[in-house]
Amino acid sequence: MGSNPERSLPTPTTPAGREGLAALLARPDRAVVALDFDGTLADIVPDPEQARAHPGAVPAIAALAPKVASVAVITGRPAGVAVRHGGFAGVPGLDHLVVLGHYGAERWDAVSGTVHTPAPHPGVAAVRAELPGVLHRFDFWHGTWIEEKGQALAVHTRRAADPPAAFDALRGPLGELAARHGLIVEPGRLVLELRPPGMDKGVALAKYVRETDAESVLYAGDDLGDLAAYAAVEKLRTEGPDGIPGLLVCSGSAEVPELAERADLLLPGPAAVVDFLAALARHL
């Protein structure tokens, strides 16, 4: 590193963010870099099955991963899907990468190349059977997209004639459907996800930070589902006598101002996130 390794990196706008970045640069071997997938490493697209990691994401992570304690991709997608869409399997330099799918319920480790998956919540199967009928009954069958996530289901409205109106109209009926079967609804960027309670990115992130005994953490996300991870980092900052310094990065801010308002560093989207990760790897 040079005399001032932070000089060419974007500067966080908050004191807590600057402290988090400084701690990561000072002891990278004790730092966890955690990243959302869709909207952070991959651009948002109308069909989630077509989402792929930015072309520079894997090279940037492969350069960064050996220099930190771990890089963790935390996503609501099944771990295997995120690995496939990210192109993470069999890449040299990714030994320190884990993918925590279904908000940490599933885990893929690059070292072993295997996915550990729990039994699905019984409510998911019941909702899967009823969901098409609910969409038809409320006249939202056309223009919506059901994403199968194994441990959860998601209804996307981005392709509807009026995406925000469809999103707002479905929140109540889908909330009632989820509640009948012991699930919750998590809203996102024109998507409503029905999943078991107790699964969120904050729980997954806090557990992983403790598992790795990290001394600093960076989290980058773009959506409402990332607010739980933001809250986990904010709580970690206050734990113990000194806390665990953390840096909160927001990938884009137009659709989810709630995230941008709490972020330490705003980046305009996945391409900028990838550039930041590559710059961070060069400094380390």
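Each chain carries its own residue numbering, running from 1 in the direction its sequence is written. The predicted nature of this model means local features are confined to residues of pLDDT at least 70 and side-chain atom pairs, given and counted, to a pLDDT of 80 or more, with totals for whole chains, interfaces and linings taken over all residues. Hydrogens and water molecules were not included; the side-chain quantities draw on all heavy atoms of the structure.

## As for the sheet that holds strand β5 (residues 114–116)
Part 1 of the reasoning: Spatial ordering of the open sheet is given by β5-β4-β3-β2-β1-β10-β11-β12, a layout of eight strands whose pairing is mixed. The sheet is open, and its two borders are formed by β5 and β12 (265–267), each paired with just one other strand. On average, each strand axis in the sheet is tilted by 20° relative to the strand beside it, whichever way the strands run.
Part 2 of the reasoning: Strand pairing is defined by DSSP finding a minimum of two bridges between the two strands. Only runs of H or I of at least four residues qualify as helices and only runs of E of at least two qualify as strands under DSSP, and these elements are numbered from the N terminus. As paired strands, strand β1 (residues 31–35) and strand β10 (residues 216–221) are joined by five bridges and run parallel to one another. Its bridge partner lying in β10, alanine 31 is registered against serine 216. Axis lines are fitted to C-alpha atoms, over the contacting stretch for helices. Their N-to-C directions set the angle, which ranges from 0 to 180 degrees.

## Quick look at helix α7 (residues 227–238)
Part 1 of the reasoning: For α7, with 12 residues, the first-to-last C-alpha span of 17 Å sits near the 16 Å given by 1.5 Å per residue.
Part 2 of the reasoning: Under the scheme applied here, a residue whose accessible area is under 20% of the maximum for its type counts as buried, over 50% as exposed, and between as partly exposed, the area being computed with a 1.4 Å probe on protein chains only. Those residues of α7 lying buried are Ala229, Tyr230, Ala232, Val233, Leu236 and Arg237. One face of α7 carries all of its buried residues, which in axial projection span an arc of 160°. Residues of α7 that are exposed and angled more than 90 degrees away from the buried face: Lys235 and Thr238.
Part 3 of the reasoning: Where α7 is buried, its residues touch α1 (15–26), α6 (201–212), β10, β11 (246–251) and α8 (257–262).
Part 4 of the reasoning: One or two steps after α7, the chain reaches glycine 240, where phi turns positive at roughly 75°. Residue count minus one, scaled by 1.5 Å, sets the expected span of a helix. Each direction from the helix axis to a C-beta atom contributes to the arc, which is the arc of those directions. In this analysis, two residues are considered to be in contact whenever any of their non-hydrogen atoms come within 4.5 Å of each other.

## Remarks on the pattern of salt bridges
Part 1 of the reasoning: One speaks of a salt bridge when a side-chain nitrogen belonging to Lys or Arg is within 4 Å of a carboxyl oxygen belonging to Asp or Glu. Evaluated as defined, the whole model comprises 19 salt bridges.
Part 2 of the reasoning: The salt bridge involving arginine 30 is made with aspartate 213; its shortest N-O contact spans 3.0 Å. Of this pair, arginine 30 sits in the loop between α1 and β1 while aspartate 213 sits in the loop between α6 and β10, and the two are 183 residues apart along the sequence.
Part 3 of the reasoning: A salt bridge links arginine 30 to glutamate 215, with the nearest nitrogen and oxygen atoms 3.1 Å apart. Pair noted here: arginine 30 is in the loop between α1 and β1 and glutamate 215 is in the loop between α6 and β10, with a separation of 185 residues, a long-range link.
Part 4 of the reasoning: By relative accessible area, glutamate 215 is classed as partly exposed at 34%.
Part 5 of the reasoning: Each of Arg27, Asp29, Arg30, Asp213 and Glu215 takes part in one network of salt bridges that share partners.

## A few points about unusual backbone geometry
Part 1 of the reasoning: Located in the positive-phi region is histidine 102, a residue other than glycine, with phi close to 50°.
Part 2 of the reasoning: If you trace the backbone, histidine 102 turns up in the loop between β3 (97–101) and β4 (106–109).
Part 3 of the reasoning: Residue classification places histidine 102 among the buried positions, given a relative accessible area of 1%.
Part 4 of the reasoning: Even without a glycine there, the phi angle at leucine 190 is positive, about 60°.

## Considerations on the layout of surface pockets
Part 1 of the reasoning: Roughly 200 Å³ of internal volume is contained in the largest pocket.
Part 2 of the reasoning: Tyr103, Gly104, Ala105, Ala204 and Lys207 are, among the 13 residues lining the largest pocket, the residues nearest its centre.
Part 3 of the reasoning: Under the grouping applied here, Gly and all other residues not named as nonpolar or charged are polar, the nonpolar ones being Ala, Val, Leu, Ile, Met, Phe, Trp, Tyr, Cys and Pro and the charged ones Asp, Glu, Lys and Arg. Tallied by class, the residues present in the lining of the largest pocket amount to seven nonpolar, two polar and four charged. Only protein atoms enter the 1 Å grid used here, on which a cavity is any set of points holding a 1.4 Å probe that cannot leave and a pocket is any open set flanked by protein within 12 Å on both sides along at least five of seven lines; residues with an atom within 4 Å of a point are listed as lining. Grid points are joined across faces, edges and corners, and a volume is the space filled by probe spheres set on the points.

## A few points about the environment of valine 33
Part 1 of the reasoning: Looking at where valine 33 falls in the secondary structure, it is placed in strand β1.
Part 2 of the reasoning: A relative accessible area of 0% places valine 33 in the buried class.
Part 3 of the reasoning: Through-space distance from the C-alpha of valine 33 to that of valine 185 is 27 Å; in sequence the pair is 152 residues apart.
Part 4 of the reasoning: Apart from the residues within four sequence positions on either side, valine 33 is in contact with Leu24, Leu64, Val68, Ser70, Val71, Ala72, Leu218 and Leu277.

## Some details on the pairing of strand β9 (residues 191–195)
Part 1 of the reasoning: Burial within β9 is extensive, with five of its five residues counted as buried.
Part 2 of the reasoning: Residues Val191, Glu193 and Arg195 point to one face of β9 and Leu192 and Leu194 to the other, with burial holding for every one of them.
Part 3 of the reasoning: Bridge analysis of strand β7 (residues 153–156) against β9 gives four bridges, and the strand direction is antiparallel. Bridge pairing links leucine 153 to leucine 194 in β9.
Part 4 of the reasoning: Between strand β8 (residues 184–187) and the antiparallel strand that follows it, β9, lie three residues; leucine 190 among them carries a positive phi value of about 60°.

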